[in-house]
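# A look at the structure
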Amino acid sequence: MLKLYNTPERKIIDFKPAGNEVKIYTCGPTVYSEAHIGNLTAYIYWDLLVRTLKANEYKVERVLNLTDVGHLVSDGDEGEDKLEKGARREGKDVWEVAEAYIEKFKQDYAALGLTEPEVWARATDYIDEDIEAVDAMTANGYTYETEDGVYFDTSKYEKYADFAKLDLSGLQAGARVGFSDEKRNVSDFAVWKFIKPGEKHAMRWDYLGKPGYPGWHLECCSIIHKELGEPIDIHTGGIDHIPVHHTNEIAECYGAYGTDLARCWLHCDFITIEGEKISKSLGNTYSLNDLAERGFSAMDYKMWVLSGHYQGTRNFTFESLEAAKTRRFNWRNKVVMAYQDETIGQDENGVMDKILEALNNNLNSAEAFAIIDNSEISYENWRKIDKLFGLDLGVNDIHLSEEISELLRERDGAREKKDWVRSDELRNELAKRGIGVLDFPDYTIWQHLK
């Protein structure tokens, strides 16, 4: 049985969905700049979740949102919208910025071989649903209006502090969310923001006779309600979402619809880079393109991420990325050797069952990788492994070009004639083309050299 760490319970539980179809919502990027490798890490972990569910013969219905409005530079209800900030930085309008970075995010997503969600949900496509949700919260007595927006009254929702185990009495004004004299409680938050006279905000919609835009948390509540229906089976995100974003989503869902938002919540931890927090000021916001310039592929980075656990605090170094690249290279060579030698993996002793058992233990990919490293695996099971992790191990691209094949045949002929000089010349020629050879008494196996 699949076991997952459920954040609100603070323990690993037996995962028991309502049916065979698992409904998942993944908090997606705010599309105002290029995603760095720290941003992308979460989507690698949740790709593993989807692949593990499918390996357990579940059908998956997943939605991933794209935040193109409403996410302010603070986690509170003040400051500039991140899309407005991106537009000003690049001298473009907000719609151009959103389009450009949605496209770039999808390119990175594809480069990492991640399973596409059934729905890409762009926040600005759900404004009508946002307004309906705010109307429902108001009708149910959960909101109040101030000069700068419509706020959720957290005192009306008794379980508000439970999810993040918040000490509401200890919160100071301004320590968690913006505070004004009109807010009834420090923890209250905006479900809809009004645009003040003279304030620049290109994305605006009329509500209650005033121009405005939805609060950041509202989009997730509205999208889930329309696309999946609540409660969903799994909601994923980063640990930074727990105290504010996800806590507020839960409150909004209950206030609007009177239901729980999700049965199980999964949160991944951050990565640091060379022991430092990822920061533009430190110059360590590496993109996949930056890694490529240093000779590392997106799949090398994915290998590094999956070599650890989604709940672990990971420290990225280029030395550790080099080790992951080498590990993946070795796996690719094991694939081609297993393809050529049918005796490899004859005594696997249920290796695939062991790998899936590790993943079913709260997505323990590190343990699964150790099993793979220490097992002889048949070509057919390498195909299954590549499907399970999506690491592009070359299982479907294993045939050599006719030119390489001809050089190998010529070398076999030279060996049969004991023409060792020509055999060595051909070995060197193959090496120039990135192909190595391993000679055995009765046969030769080729492998990748790079």
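Residues numbered from 1 in each chain as written. Predicted model: local features only at pLDDT ≥ 70, side-chain atom pairs only at ≥ 80, totals over all residues. Heavy atoms only, no water.

## Some words on the overall build of the protein
- Along its length, the protein carries 14 helices and 16 strands.
- Counting all 450 residues of the protein, 54% fall into the buried class.
- Within the protein, counting contacts between residues at least 6 apart in sequence, those at least 24 apart form 72% of the total.
- Total accessible area on the protein stands at roughly 20400 Å², and carbon and sulfur atoms take up 46% of it. (Helix = DSSP H or I, 4+ residues; strand = E, 2+ residues; numbered from the N terminus. Buried < 20%, exposed > 50% of the residue type's maximum accessible area, 1.4 Å probe, protein only. Contact = heavy atoms within 4.5 Å. Areas by Shrake-Rupley, 256 points an atom, 1.4 Å probe, with all protein chains shown as cover.)

## Topic: the side chain of Asp68
- As for its position among the elements, Asp68 is in the loop between β4 (59-66) and α2 (82-90).
- On the basis of relative accessible area, Asp68 is assigned to the buried category, the value being 0%.
- Look past the residues within four positions of Asp68 in its chain and what remains in contact with it is Val31, Leu83, Ala98, Arg122, Ala123, Thr124 and Met203.

## Quick word on the nonpolar core
- Residues Ile234, Leu291, Tyr301, Phe316, Ile355, Trp382 and Phe389 are the most contacted members of the largest nonpolar core, which totals 94 residues.
- Broken down by element, the residue count for this core peaks at 11 residues, all from helix α1 (residues 37-55).
- Those residues in contact with Phe389 that lie beyond four places of it in its chain are Asp47, Leu48, Arg51, Lys302, Leu306, Ile355, Leu359, Ser365, Ala368, Phe369 and Ile372.
- Grouped together as the second largest cluster of nonpolar side chains are 40 residues, Phe152, Ala164, Leu261 and Ala262 included. (Core = buried A, V, L, I, M, F, W, Y, C linked by side-chain atoms within 4.5 Å.)

## Quick look at the sheet that holds strand β12 (residues 262-268)
- In space, the five strands of this open sheet follow the order β5-β4-β3-β11-β12, with parallel pairing throughout. Each edge of the sheet is formed by a strand with only one pairing partner; in this case those strands are β5 (119-122) and β12. Taking each pair of neighbouring strands and ignoring which way they run, the sheet shows an average axis angle of 20°.
- Where strand β11 (residues 232-238) and β12 come together, six bridges link them in parallel fashion. Within β12, the position partnered with Gly238 by the bridge is Cys268.
- Contacts from helix α3 (residues 94-111) reach β4 and β5, with the element oriented near 155° to β5.
- Contacts from helix α5 (residues 218-227) reach β3 (21-26), β4, β5 and β11 within the one sheet, and its direction differs from that of β4 by about 145°. (Pairing = 2+ DSSP bridges. Axes fitted to C-alpha atoms, helices over the stretch in contact; angles between N-to-C directions.)

## Some words on the packing of helix α8 (residues 298-306) against helix α9 (residues 318-340)
- Two elements in contact, α8 and α9, have axes separated by 8 Å at closest approach and are oriented at 105°. Classed by the angle they form, the pair α8 and α9 counts as roughly perpendicular. Of the residues in α9, those touching α8 at Met299, Asp300, Tyr301, Met303 and Trp304 are Ser320, Leu321, Ala324, Lys325, Arg327, Arg328 and Trp331.
- In terms of residue class, the contact of α8 with α9 is built from seven nonpolar, one polar and four charged. (Parallel < 35°, antiparallel > 145°, perpendicular 65-115°, else oblique. Nonpolar A, V, L, I, M, F, W, Y, C, P; charged D, E, K, R; others polar.)

## Overview of the packing of aromatic side chains
- Summed over the entire model, instances satisfying the criterion amount to 24 aromatic pairs.
- Plain terms: the ring middles of Tyr339 and Tyr379 are 5.1 Å apart, the flat faces sit at 70° to each other, and that makes the pair edge-to-face. Of this pair, Tyr339 sits in helix α9 while Tyr379 sits in helix α12 (residues 379-389), placing them 40 residues apart in sequence.
- Residue Tyr379 is classed as buried on the basis of its relative accessible area, which comes to 18%.
- Through pairs of rings, three or more aromatic residues link up here, namely Tyr286, Phe296, Tyr301, Trp304, Phe316 and Phe318.
- Its end group placed over the ring of Phe194, Lys210 keeps NZ or CZ at 4.4 Å from the ring centre.
- Residue placement shows Arg294 over the ring face of Phe318; its charged tip is 4.2 Å from the ring centre. (Phe/Tyr/Trp six-rings, centres within 6.5 Å; stacked < 30°, edge-to-face > 60°. Lys NZ or Arg CZ within 6 Å of the ring centre and 35° of its normal.)

## A few points about the sheet that holds strand β6 (residues 143-146)
- Strands sit in the order β6-β7-β8-β10-β9 across an open sheet of five strands; the sheet is antiparallel. The strands lining the two open edges of the sheet, one partner per strand, are β6 and β9 (205-207). With strand direction ignored, the average angle separating the axes of adjacent strands in the sheet is 40°.
- Sheet analysis places β6 next to strand β7 (residues 149-152), joined by four bridges and oriented antiparallel. By the bridge assignment, Glu145 is partnered in β7 with Val150.

## Digging into the pattern of salt bridges
- For the structure on display, the rule yields 22 salt bridges.
- A salt bridge links Lys59 to Glu21; the shortest N-O distance between them is 3.7 Å. Of this pair, Lys59 sits in strand β4 while Glu21 is found in strand β3, placing the two residues 38 residues apart along the sequence.
- Where Arg327 meets Asp373, a salt bridge forms, and the shortest distance between an N and an O atom there is 2.5 Å. One end of the pair, Arg327, is in helix α9; the other, Asp373, is in helix α11 (residues 365-373), with 46 residues separating them in the sequence. (Salt bridge = Lys/Arg side-chain N within 4 Å of Asp/Glu carboxyl O.)

## Details of α2
- Every buried residue of α2 is accounted for by Lys82, Leu83, Glu84, Gly86 and Ala87.
- Each element contacted by the buried residues of α2 is listed here: α3.
- Residue Gly91 follows α2 closely and has a positive phi angle near 70°.

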